[in-house]
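# Per-entry structural report
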Amino acid sequence: MAGTAVIDAPAGEVSMVAVDDPSTLRQNSSIDGANAPASDTARIHIASGARIGVAGLEDVQVSAARNAVAVELRGDELKDTPINRQGPLRAQTVYVDINQALANANSGKSTLIAKDSLESYQGNIGRTVAERSTKGGSVSILSQGEAILESGAVIDLSGGSVQYTPANVKTTLLSAGGVLVDVANASAETRYDGISTRYVKDYGRWNVSEVVDLGQSFRYDPGYVEGKDAGALNVIGMKAVVMQAGVQGRTTVGELQHNAGLAPAGARLTLGSNAVTDGTFQDFKLNQRVEVSSIGALLPAGFKFGDALPQALKDTLSVNPALMGQNKVANLEIFTNQAAEVREA
C-alpha cells in the first residue's frame, strides 16, 4: 500500500491477506492451519503516509424521543423484583427511557425492569445505516510471510458518536408512598403503589371498577451525546511483523456515560492470534521474540517495497509503548510462539 494511498471505510471491515497459494485459504496448509509453514515471499507492506480509516461516524443525529419505549410489565420484566411481581404494576404498560434505564443497570444500580429485558427492548429499536456505522470497524493484516507497517502510516479505529437532539420524551411516573419516580430510575427494591397518573375508581355497590387515566406524562430532554466503541486491528506475519505505524483510537464519553461511570471501549491491537491447534501443537501465528520497548530496531532510511528486512527486525518485534495511551491503543494483546518481554510500560 503506497504512501499516498487511502482506504476510507467508516465502521467497515478491511482485510489484507498475503499467502503463497490463495487456493489454500481456509485450509490447514495455509495461514489458518496449525503449524503451517511460513512463507519467504508473501508480504504486506503499508508505507509511510498511507492511511486506513474504519472510524465510526460522529454526531449522527437522532431524536431523544426515540428512546421512549413501551414496555408491558410481565413476569420476565419484573423477575428481579419479587415485591412488585404480583403487585399493581403487573400487566401495566409503561414508557421507559431505555438509554437512561440501561445506563443505571450498567453502572450497577438496581432497576425495576430486569437488565436483560431492557437490552432486548433496546435491541428492537430501528436504526438507520448511519447510526449503525458509529462504532469503529476492524482492520486485519494477515501475512503468511512478512507484515510491515511503516512509521508514518496511520490506522484509524476511532469510535464515533450519536447526538440525541432535544425532544419531549414520553415517560411514566410511579408512586411509592406519595413519592413520584420516573420508571427509568425505579428500583427493584422498592414496592410501588402504581402509576401516578392512573387510578382505579371502585363502584363497590355495583361490583364495578373504572380505570381513570389522567393522560400521558412527558419530560423535556435537552439532548446529549453518546460515544461508541473504537475498533480493532489484528496483525499477523508468520515470518516477521514490523509494527511501527500509528493507531488512532479516539472515543467520546457522553453525559449519561460519564454519570454512570462508563466509557466506550478503546481501540484494541492484537499481534498474532489466539492459539490455532491441530490437537498436538498450538500455533500463535507469530514466530518472533516480542519486546515492548522504545529502543527497538527501526526500518532503515529509504526502505522500499521489495527490500529485504534487516535480520534484527526478523528476529524481534519491538512494540513502542508510545503506541498506547489516550486516543491511541487502549488494549494490547500479544500472542507469540517465542518469548515476550515488557521492558517499558
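Data block above holds the structure.
These numbers were taken from a predicted model, which means no experiment stands behind them. Counting restarts for each chain: residues are numbered from 1 in the order of the written sequence. Only residues with pLDDT of 70 or above have their local features reported here, since the model is predicted, and side-chain atom pairs are shown and tallied only from 80 upward, although totals for entire chains, interfaces and linings are computed over all residues. The basis for every side-chain value is the complete set of non-hydrogen atoms in the structure, without hydrogens or water.

What follows is about the overall build of the chain. Counting its secondary structure elements, the chain contains six helices and 29 strands. Principal axes of the C-alpha set define a box for the chain whose edges measure 95 × 45 × 40 Å. Expressed as a percentage of its 345 residues, the buried residues of the chain come to 46%. Summarising the internal contacts of the chain: among those between residues at least 6 apart in sequence, 78% fall at separations of at least 24. When the accessible surface of the chain is split by element, carbon and sulfur atoms take 48% of a total near 16800 Å². Taken as two groups, the 29 positive and 37 negative side-chain charges of the chain have centres that lie 4 Å from each other. Strands are runs of DSSP state E lasting at least two residues, helices are runs of H or I lasting at least four, and both sets are numbered from the N terminus onward. Exposure classes here rest on a 1.4 Å probe applied to the protein chains alone. A residue is buried below 20% of its type maximum, exposed above 50%, and partly exposed in between. Between two residues, a contact is recorded if the distance between any of their heavy atoms is within 4.5 Å. We get accessible surface area from the Shrake-Rupley algorithm with a probe of 1.4 Å; when it comes to residues, only the shown protein chains can shield them. Charge convention: Lys and Arg are scored as positive, Asp and Glu as negative, and His as well as the terminal groups of each chain are ignored. Where a charge sits is defined by one atom per residue type, namely NZ (Lys), CZ (Arg), CG (Asp) or CD (Glu).

Below, the discussion takes up the packing of helix α2 (residues 98–106) against helix α3 (residues 115–123). Interaxial angles span 0 to 180 degrees and are taken between N-to-C directions of axes, which are lines fitted to C-alpha atoms, for helices over the stretch in contact. Put simply, α2 and α3 touch, their axes get as near as 10 Å, and they point 145° apart. You can see that α2 and α3 cross each other, and the crossing is left-handed. Between α2 and α3, the residues in contact are Ile98, Asn99, Ala101, Leu102, Ala105 and Asn106 and Lys115, Leu118, Glu119, Tyr121 and Gln122, respectively. What makes a crossing left-handed is the near helix being turned counterclockwise from the far one by less than a right angle; a clockwise turn instead makes it right-handed.

It is worth spelling out the side chain of threonine 81 at this point. Assignment of secondary structure puts threonine 81 in the loop between β6 (68–72) and α1 (82–85). Two N or O atoms form a polar contact when they lie within 3.5 Å of each other; inside protein one atom must be a possible hydrogen donor and the other a possible acceptor, and for residues adjacent in sequence the pair counts only when both atoms belong to side chains. Within polar-contact distance, the side chain of threonine 81 engages the backbone oxygen of alanine 188 at 2.8 Å. Residues contacting threonine 81, with those up to four places away along its chain left out, are Leu112 and Ala188.

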